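# Inside the fold
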Amino acid sequence: MTLDPAQLAEQGKRAFQEKKFKEAVGLFKQAADGFASGRNGLMAAEMQNNMSVALLHAGNPQEALNAALGTDVLFAGAHDLKRQAMALGNQAAALDALKQYDEAIEKYERSAALFDQAGEGDLRAMV
């Protein structure tokens, strides 16, 4: 029995909550691939961002950055400010872990500004 991408995403979230980060990465990757093949690019990009967070927690900042890169552009094209801001925040966190502080600060600032525009004050405060 093959799971649909939404089920894989839920399993990935559970694995992440259980701190099974490598398992979560694999599940989010499968979910991203499934959403992409179903022509749901926004959900695929969201799964790439989930994968990015799990990779960062697993100690793989370069892979985390690679997973999130470009997803902000997809969300921008869909006028999804919240997910665009989250994608930039994920990129910033990976850059921060890679000690690329100038780039990280720029992305953190862009992320915070987008959260402001989206009316997401709590998320802005976290950034």
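Residues numbered from 1 in each chain as written. Predicted model: local features only at pLDDT ≥ 70, side-chain atom pairs only at ≥ 80, totals over all residues. Heavy atoms only, no water.

## Concerning the overall build of the protein
Helix and strand counts for the protein stand at eight helices and zero strands. When the helices and strands of the protein are read in sequence order from the N terminus, they spell out α-α-α-α-α-α-α-α. Taken against the 2.2 N^0.38 rule, which gives 14 Å for 127 residues, the C-alpha radius of gyration of the protein at 14 Å falls within 12% of a compact globule. By principal-axis analysis of the C-alpha atoms, the protein measures approximately 45 × 30 × 25 Å. Contacts in the protein between residues far apart in sequence, at least 24 positions, make up 44% of those at least 6 positions apart. Summing over all exposed atoms, the protein offers an accessible surface of approximately 7,100 Å²; the carbon and sulfur share of this is 52%. (Helix = DSSP H or I, 4+ residues; strand = E, 2+ residues; numbered from the N terminus. Rg over C-alpha atoms; globule rule 2.2 N^0.38 Å. Contact = heavy atoms within 4.5 Å. Areas by Shrake-Rupley, 256 points an atom, 1.4 Å probe, with all protein chains shown as cover.)

## Quick notes on the packing of aromatic side chains
Summed over the entire model, instances satisfying the criterion amount to one aromatic pair. Between F16 and F21 the ring centres are 5.2 Å apart and the planes differ by 65°, which places this aromatic pair in the edge-to-face class. The exposure class assigned to F21 is buried, which follows from its relative accessible area of 17%. (Phe/Tyr/Trp six-rings, centres within 6.5 Å; stacked < 30°, edge-to-face > 60°. Buried < 20%, exposed > 50% of the residue type's maximum accessible area, 1.4 Å probe, protein only.)

## A closer look at the environment of M47
Examined against the element boundaries, M47 turns out to sit in helix 3 (residues 41–57). Along the sequence, M47 and D33 sit 14 residues apart, while their C-alpha atoms lie 8.9 Å from each other. Among residues more than four places away in sequence, those in contact with M47 are A9, F28, A31, A32 and F35.

## So, the environment of F35
Residue placement: F35 occurs in helix 2 (residues 21–37). Measuring from C-alpha to C-alpha, the distance between F35 and N66 comes to 18 Å, with 31 residues separating the pair along the chain.

## Some details on helix 2
Between its terminal C-alpha atoms helix 2 stretches 24 Å, which fits the 24 Å expected from 17 residues at 1.5 Å a residue. Contact partners of the buried residues in helix 2: helix 1 (5–17) and helix 3. Phi turns positive, to about 60°, at R39, one or two residues after helix 2. (Expected span 1.5 Å × (residues − 1).)

## Focus on the packing of helix 1 against helix 2
Between helix 1 and helix 2, the shortest axis-to-axis distance is 8 Å and the interhelical angle comes to 160°. By the angle class used here, helix 1 and helix 2 are roughly antiparallel. Crossing of helix 1 against helix 2: the hand is left-handed. Here helix 1 contributes P5, A6, L8, A9, Q11, G12, K13, A15 and F16 to the contact with helix 2, which in turn contributes F21, E23, A24, L27, F28, Q30, A31, G34 and F35. Along the lines of polarity and charge, the residues of the contact of helix 1 with helix 2 split into twelve nonpolar, four polar and two charged. (Axes fitted to C-alpha atoms, helices over the stretch in contact; angles between N-to-C directions. Parallel < 35°, antiparallel > 145°, perpendicular 65-115°, else oblique. Left-handed = near helix turned anticlockwise from the far one by under 90°. Nonpolar A, V, L, I, M, F, W, Y, C, P; charged D, E, K, R; others polar.)

## So, the pattern of salt bridges
The final tally for this structure, using the stated rule, is six salt bridges. Among the salt bridges present, the one from D33 reaches K29, with a minimum N-O distance of 2.9 Å. A residue pair is termed a helical-turn pair when its members lie 3 or 4 positions apart in one helix, as D33 and K29 do in helix 2 at four residues. For D33, a relative accessible area of 40% translates into the label partly exposed. The structure contains a network of salt bridges with shared partners spanning E46, D80 and R83. (Salt bridge = Lys/Arg side-chain N within 4 Å of Asp/Glu carboxyl O.)

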